[in-house]
Number of protein chains: 2
Amino acid sequence: MNISDFLMSLVSFSKDELNDILNHFEKESVLKNEVLVQQGDICNYLYYVEQGMGRSYYLNESGREITQWFFGVGKFMTSADSFFQKSPSLYYLEVLEDSVLYRISKSNIDKLFEKYPKMEKLGRLASIEMLTRVVNKLNAIQFQTAKERYDYMLAEFPDIVYQVPLGHIASYLGMSQETLSRIRKNEPKIM
Amino acid sequence: MNISDFLMSLVSFSKDELNDILNHFEKESVLKNEVLVQQGDICNYLYYVEQGMGRSYYLNESGREITQWFFGVGKFMTSADSFFQKSPSLYYLEVLEDSVLYRISKSNIDKLFEKYPKMEKLGRLASIEMLTRVVNKLNAIQFQTAKERYDYMLAEFPDIVYQVPLGHIASYLGMSQETLSRIRKNEPKIM
DNA sequence: ATGTTTTTTTGATATATGTCAAAAGGAAAT
DNA sequence: ATTTCCTTTTGACATATATCAAAAAAACAT
């Protein structure tokens, strides 16, 4: 989904407005496994994923990677807290495939917020949408068995679930990769 | 914290703006254990908690109450999805103490969003703040032991943790109340 | 104060899932 | 094609936490 259509699907901008807004973004092509943000750095950009996919993750005490979120096509990807508060990021941000992104800096997005009230609305809608998704995951994680959590994953990220290493999904779902492997064995896989 | 100070702490409104905004809210005093929203109903209001506290919860398959969130003084309380999408609420909303609330209807808040771009900003900021909190909880729930989750609770809801039934906290933290009881036994309680 | 209900604690036991280690399978590189 | 590296699977065993049941404590009502 291209970025214009995506923006317009949330708020209807005039042609001029849309063009002005798009001019605050920069298009960027990045290769598989490229790291956009390091843990501890400030995340300077909000990225729109036009093609490809990414994830955020952190290293736990044992130094193991824990996937925190997946970002598919047509989504905003960022280390939200870091980006909005200009605080050190708790997460790494990386792309998992060759991807096409549109990025916008904090100062540019703030300019847009000032200039266009509709942008505030867009920000509000995008935040609430993300909030809903996180709440969904929370409910899955908190009260469901490993098997049920995997079902949640299939529903929430159908496009992603068969394209990334099993270990990434396991850590995202809060289970060991051995457990996920055993679950998959019993899952009647439709292909 | 009274509602005016709260609003002004997020966005600075003029005196007239603030008064107009406040006129869209209704003050309401409710007694302990009163249920504001039933599961399946539409949540028609967003509540600001000036005094007291509340929680959202749902009934799981076994009919047991699962606390989903606590809302303390100075917070907005609502069944977010239901309120914003006018969809049936997945949760009950109840107050856990005699409380003083300010409520605003969906149509009124939409009027304010239309009238004041600053309100969009307020909505965006409040959503992002909530998002951050939910992400925090998610991280606590997903990768921490029962003991560590209780520590998270102490940090996130210091004012609430000793004032509500242990069972509510246990279900909020995704553990049995027996487990929480055993954890508390070993927690050096400062009083 | 006394009885009744609700909440919390304690003990015994069960189980889902984690951890560790090694084998198998696939992908990438020479 | 072979080698090397990375990912996934399998097996054996350990353990945190759930569940069930009952006692103790606290809160509430008459």
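The structure under discussion appears in the preceding block.
These figures come from a predicted structure and were not determined experimentally.

Visitor: Mind laying out the overall build of chain A, listing which residues take part and the relevant values?
Guide: In terms of helices and strands, chain A carries eight helices and eight strands. For 191 residues, the compact-globule estimate of 2.2 N^0.38 gives 16 Å, and the C-alpha radius of gyration of chain A, at 17 Å, lies within 12% of that figure. When the 191 residues of chain A are sorted by exposure, 53% land in the buried category. Considering only contacts within chain A whose residues lie at least 6 apart along the sequence, 67% involve residues at least 24 apart. Per element, the accessible surface of chain A, about 9,200 Å² overall, is 49% carbon and sulfur.

Visitor: Could you give an account of the protein's contact with DNA strand D, naming the residues involved and the relevant values?
Guide: Contacts to DNA strand D come from 17 residues, most closely from L166, S181 and K185 of chain A together with A146 and T179 of chain B. Take the atoms of DNA strand D that sit within 4 Å of the protein: sugar and phosphate atoms are 52% of them. Side-chain polar atom of S181 of chain A to a phosphate oxygen of DNA strand D: 2.7 Å apart, as the coordinates give it. Of all the secondary-structure elements, those providing two or more residues to the surface near DNA strand D are α7 (166-172) and α8 (177-186) of chain A together with α6 (146-156) and α8 (177-186) of chain B. Looking at which element gives the most residues to the surface near DNA strand D, the answer is α8 of chain A, with five residues.

Visitor: Could you give me a rundown of the relation of the copies chain A and chain B, with the residues and numbers involved?
Guide: Laying chain A over chain B is done by rotating through 180° and shifting 0.0 Å along the axis; what remains is an RMSD of 0.0 Å. The symmetry that links the two subunits is that of a two-fold axis. Residue R124 of chain A, judged by its C-alpha, is the member of chain A lying nearest the rotation axis, at 2.1 Å. In this assembly the copies share their binding face: 100% of the residues contributing to the interface of chain A also contribute to that of chain B.

Visitor: Can you tell me about the sheet that holds strand β5 (residues 65-71) of chain A, naming the residues and giving the values?
Guide: Residues and elements named next belong to chain A. With respect to topology, four strands assemble into an open sheet ordered β2-β7-β4-β5, the strand pairing being antiparallel. Whereas interior strands pair on both sides, the edge strands pair on one side only; in this sheet they are β2 (35-37) and β5. Averaged over all pairs of adjacent strands, the angle between their axes in this sheet comes to 30°, without regard to strand direction. Relative to strand β7 (residues 92-95), β2 runs antiparallel, the two sharing two bridges. Bridged to V35 within β7 is E94.

Visitor: Which residues make up the protein's contact with DNA strand C, and what values go with them?
Guide: Residues in contact with DNA strand C amount to 17 residues; listed here are only the nearest, A146 and T179 of chain A together with L166, S181 and K185 of chain B. When atoms of DNA strand C within 4 Å of the protein are sorted by moiety, sugar and phosphate together comprise 51%. Between DNA strand C and R182 of chain A there is a distance of 3.3 Å, counted from a base oxygen to a side-chain nitrogen or oxygen. A distance of 3.4 Å is found between a phosphate oxygen of DNA strand C and a backbone nitrogen or oxygen belonging to G167 of chain B. Listing elements by their share of the surface near DNA strand C, those giving two or more residues are α6 (146-156) and α8 of chain A together with α7 (166-172) and α8 of chain B. By residue number, the principal contributor to the surface near DNA strand C is α8 of chain B, which donates five residues.

Visitor: Please provide a residue-by-residue account of the pattern of salt bridges, values included.
Guide: What the rule picks out here adds up to 22 salt bridges over all chains. Residue R103 of chain B is joined to E28 of chain B by a salt bridge in which the shortest nitrogen-to-oxygen separation is 3.5 Å. Taken together, the residues span a long stretch of sequence, with R103 of chain B in strand β8 (residues 99-105) and E28 of chain B in strand β1 (residues 26-30) at a distance of 75 residues. Per residue, the accessibility class of R103 of chain B equals that of E28 of chain B, and both read buried. A network of salt bridges, in which partner residues are shared, links E26, E28 and R103 of chain A.

Visitor: Can you tell me about the interface of chain A and chain B, naming the residues and giving the values?
Guide: Counting residues at the interface gives 29 residues for chain A, matched by 29 residues for chain B. Buried surface at the junction of chain A and chain B, both sides included, amounts to about 2,700 Å², of which 66% is carbon and sulfur. The tally of links from chain A across to chain B stands at two salt bridges. The salt bridge involving E120 of chain A is made with R124 of chain B; its shortest N-O contact spans 2.6 Å. Here chain A and chain B share 12 residue pairs in polar contact (both at pLDDT 80 or more) between them. Only β5, α3 (80-85), α5 (117-143) and α7 of chain A provide two or more residues apiece to the side of chain A that touches chain B. Here the side of chain A that touches chain B is composed, by residue class, of 16 nonpolar, eight polar and five charged.

What counts, and at which threshold
Along every chain, residues carry numbers that run from 1 in the direction the sequence is written. Ligands are numbered from 1 and chains lettered from A, in the order in which they are written. Thresholds applied to this predicted model are a pLDDT of at least 70 for local features of residues and 80 or more for the giving and counting of side-chain atom pairs; totals over whole chains, interfaces and linings are not thresholded and use all residues. Water and hydrogen atoms play no part in the side-chain values, which are based on all heavy atoms of the structure. Secondary structure is summarised from DSSP: a helix means a run of H or I of at least four residues, a strand means a run of E of at least two, and numbering begins at the N terminus for each. Note that the radius of gyration is over C-alpha atoms, with the globule rule given as 2.2 Å times the number of residues to the power 0.38. Note on exposure labels: buried denotes an accessible area under 20% of the residue type's maximum, exposed denotes more than 50%, and partly exposed covers the range between, all computed with a 1.4 Å probe on protein chains only. The contact criterion used is simple: two residues touch if any of their non-hydrogen atoms lie within 4.5 Å. Values of accessible area rely on a 1.4 Å probe in the Shrake-Rupley scheme; residue burial ignores everything except the protein chains shown. For this purpose, a residue is taken to be near a molecule or strand whenever a single non-hydrogen atom of the residue falls within 4 Å of it. Counting of polar contacts relies on pairs of N or O atoms within 3.5 Å, with two restrictions inside protein: one atom must be capable of donating a hydrogen and the other of accepting it, and residues adjacent in sequence are counted only when both atoms are side-chain atoms. Alignment of the copies relies on least squares applied to C-alpha atoms, considering only residues that score at least 70 for pLDDT in both. Two strands pair under a simple rule: DSSP has to find at least two bridges between them. Angles shown run from 0 to 180 degrees and are taken between the N-to-C directions of axes, each axis being a line fitted to C-alpha atoms and, for helices, limited to the stretch in contact. A pairing counts as a salt bridge when a side-chain nitrogen of Lys or Arg comes within 4 Å of a carboxyl oxygen of Asp or Glu. The term buried area means the drop in 1.4 Å probe accessible area that two parts suffer when joined, counted for both and summed. Any residue that is not Ala, Val, Leu, Ile, Met, Phe, Trp, Tyr, Cys, Pro, Asp, Glu, Lys or Arg is counted as polar, Gly included; the first ten are nonpolar and the last four charged.

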